[in-house]
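Here's the letter readout for the chains.
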Amino acid sequence: MKIFRDLWPMIIVSLGVLSVQAEVNDKPNIIIILADDLGYGDVGFLGCKDIPTPNIDRIATEGIRFTSATVTHAFCSPSRAGIMTGRYQQRYGHECNVPFSLTNPNIGLPLSETLLSECLKEKGYHTMMVGKWDLGGAEKFRPLSRGFDEMFGFLDGGHEYFPDRLTVTDPVFHKDGYRTKLLKNTERVDEKEYLTDAFTREACEFIQRNAEQPFFLYLAYNAPHVPLQAPAEYLNRFKTLTGNRRAYAAMVSTMDDGIGRVLNSLDEAGVHDSTLIFFLSDNGGHLDHGASNAPLRDGKGRVYEGGIRVPMAMCWAGKIPAGGRYDEVVSSLDIFATIADVISLECAELDLDGVSLIPYVTELRREPPHNILFWRLGGGSMSAVREGSYKSVRINGNYELYNLTTDPQEKNDLSKEQPEKLQEILKSYQQWNSQLVAPCWDNPKPNNIY
Ligand code: CA
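Numbers given for residues are sequential positions, taken from 1 along each chain in its written order. The model is predicted, so local features are restricted to residues of pLDDT at least 70 and side-chain atom pairs to those at 80 or more, both for listing and for counting; the totals for chains, interfaces and linings are taken over all residues. Hydrogen atoms and water are omitted, and side-chain values are computed over all heavy atoms in the structure.

### A closer look at the packing of helix H2 (residues 54–62) against helix H8 (residues 243–269)
Point 1. To get an axis, a line is fitted to the C-alpha atoms, and for a helix only the part in contact is used. The angle between two axes follows their N-to-C directions and goes from 0 to 180 degrees. For the purposes of this entry, the term helix denotes a DSSP run of H or I that reaches at least four residues, the term strand denotes a run of E that reaches at least two, and both are numbered from the N terminus. Look at H2 against H8: their axes get within 7 Å of each other, and the N-to-C directions meet at 50 degrees. Viewed along their axes, H2 and H8 adopt a mutual orientation that is oblique. Together, Pro54, Asn55, Ile56, Arg58 and Ile59 of H2 and Met255, Asp256, Asp257, Ile259, Gly260, Leu263, Asn264 and Asp267 of H8 make up the contact between the two elements.
Point 2. Under this grouping Gly is polar, as are all residues other than the nonpolar Ala, Val, Leu, Ile, Met, Phe, Trp, Tyr, Cys and Pro and the charged Asp, Glu, Lys and Arg. Of the residues contributing to the contact of H2 with H8, the split by class is six nonpolar, three polar and four charged. To sort the angles, those under 35 degrees are grouped as roughly parallel, those over 145 as roughly antiparallel, those from 65 to 115 as roughly perpendicular, and the leftovers as oblique. Residues count as neighbours in contact if any of their non-hydrogen atoms are within 4.5 Å of one another.

### What to know about the coordination of the calcium ion
Angles at a metal have ideal values that depend on geometry: 109.5 degrees with four tetrahedral donors, 90 or 180 degrees with six octahedral donors.
Point 1. Donor atoms are limited to N, O and S found within 2.8 Å of the metal ion, a distance that becomes 3.2 Å for Na, K and Ca. With water left out, some sites might look partial. Bound to the calcium ion are the protein donor atoms Asp36 (OD), Asp37 (OD), Cys76 (SG), Asp282 (OD), Asp282 (OD) and Asn283 (OD1), situated 2.2 to 2.6 Å from the metal.
Point 2. Spacing between the donor residues of the calcium ion along the chain follows D-D-x38-C-x205-D-N. Pair noted here: Asp37 is in the loop between strand S1 (29–35) and H2 and Asn283 is in the loop between strand S8 (275–281) and helix H9 (305–308), with a separation of 246 residues, a long-range link. Across this residue pair, the class does not change: Asp37 and Asn283 are buried. The rule is simple: take the accessible area with a 1.4 Å probe, protein chains only, and divide by the maximum for that residue type; under 20% is buried, over 50% is exposed, in between is partly exposed.

### Overview of the pairing of strand S9 (residues 309–315)
Point 1. Along S9, seven of the seven residues are buried, which leaves the element largely enclosed by surrounding structure.
Point 2. Pairing between strands requires that DSSP locate at least two bridges from one strand to the other. The sheet contact formed by strand S2 (residues 64–70) and S9 spans five bridges and is antiparallel. Across the sheet, residue Phe66 finds its bridge partner in S9, namely Met312.
Point 3. The sheet contact formed by S8 and S9 spans four bridges and is antiparallel. From the neighbouring strand, Leu280 faces S9, where its bridge partner is Met312.

### Observations concerning the packing of helix H6 (residues 195–209) against H8
Point 1. Put simply, H6 and H8 touch, their axes get as near as 9 Å, and they point 10 degrees apart. Between H6 and H8, the crossing angle belongs to the class labelled roughly parallel. Taking contact as the criterion, the partners of Thr196, Asp197, Thr200, Arg201, Ala203, Cys204, Ile207 and Gln208 in H6 are, on H8, Thr254, Met255, Gly258, Arg261, Val262, Ser265, Leu266 and Ala269.
Point 2. Here the contact of H6 with H8 is built from residues that sort into seven nonpolar, six polar and three charged.

### Focus on the sheet that holds strand S13 (residues 382–387)
Hydrogen bonds between backbone groups are what pair the strands of a sheet, and the pairing can be parallel or antiparallel.
Point 1. The strand order across the open sheet built from four strands is S12-S13-S14-S15, with neighbouring strands paired in antiparallel fashion. Looking along the sheet, the strands with just one partner apiece sit at the ends: strand S12 (372–377) and strand S15 (398–403). The average undirected angle you get between the axes of adjacent strands in this sheet is 10 degrees.
Point 2. With respect to the sheet, helix H12 (residues 419–433) is in contact with S12, S13, strand S14 (390–395) and S15, its orientation differing from that of S12 by roughly 70 degrees.

### A short note on the nonpolar core
Point 1. Among the buried residues, those of types Ala, Val, Leu, Ile, Met, Phe, Trp, Tyr and Cys that are joined through side-chain atoms within 4.5 Å form a nonpolar core. Ranked by internal contacts, the top residues of the largest apolar core, which has 55 residues, are Ile33, Ile59, Phe199, Leu217, Leu219 and Ile259.
Point 2. Per element, the largest residue contribution to this core is 10 residues, and it comes from H8.
Point 3. Excluding residues within four positions of it along the chain, Leu217 makes contact with Ile30, Ile31, Ile32, Met128, Val130, Ala203, Phe206 and Ile207.

Next up, the structure:
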């Protein structure tokens, strides 16, 4: 079920290659490409028909597509904290979005946590963050203070896309955040290109500059997060689409072209085969902003599958089988653990919550990677638990229970029919919940959450 059967010969060859090449190159380059609010149903490799994504699909074709990949939060900043620490962000109070501030010393990913970037820098990687940070604006929380040698992008939770709109140098108010000039390391710069293209350009240049040394590129596009602003030539690709879907599609398409340029840069630099690439979205698509999470229920900001299950693919030429499909539930927490496994990072003291995916996608291990996964939003106002086929959901003060094997669209609430199962799951949740701390700050005002 996990891997197509006709791929077995390839897998066996791949494992042979793995054992030989591990000695040759134990430091693959690492790239994490993060999309922002990209819906589960908005990539070709998961069945999207109206937005071609050939370049994102290339990552899946050259590696593994995940059909049940989850993130740890239904919106931006906490999900990113989970990815960068490999730990449930509720363990250290990063449970709400970060209100805009470039100076508040109390709001940002806590310095008590060790970031993936810090581990990779320590291991000799040259590191760069491109795009949306959203993990704290004060100096001590910024990328250059958190393990990145270089950065290009912005610190806020979103940004305008056209360069003539980026005129604010010293932002003070929230409304200024999206219009602030981009940061190139410590300097504000005047940008000339559409934002997504600018991020692609910087990512490609970074790859070209660092082909001779191990590098880590965290490429966090803010596309297709609002505001819905797309270049005319891309809008013209989607003349048959209407409403927000058209601009959304154009933004996804721009990002997809950019990812194609990034992959081509790896080819041109001769490092494609020595690069481990992850692609995923930070949360589900926003249904009011043109996204589709089909066939899943609901979207961004909620704990139904449409909010927390995302498109995800991973490739590493010759090391993991090409063209594979993995259906068991995995977590964005697994990215840190997978990288730690690949580069033999000593991380016992980090107390990671994820697991390395390598043994699972190569079928060395056949059991599901996770017996149980948890979600908690806003200190518990919303929560969910996934255990095997079952999922409990707490929303609007009520508990619901679904069997995702028989009911993947979460239509048939079983909480009344199977109260014992619900109680069993909630007992596990309470145990996990007792390990957490209260949110360190509140979400911004509701209209600024997203
Ligand atoms: Ca997001």
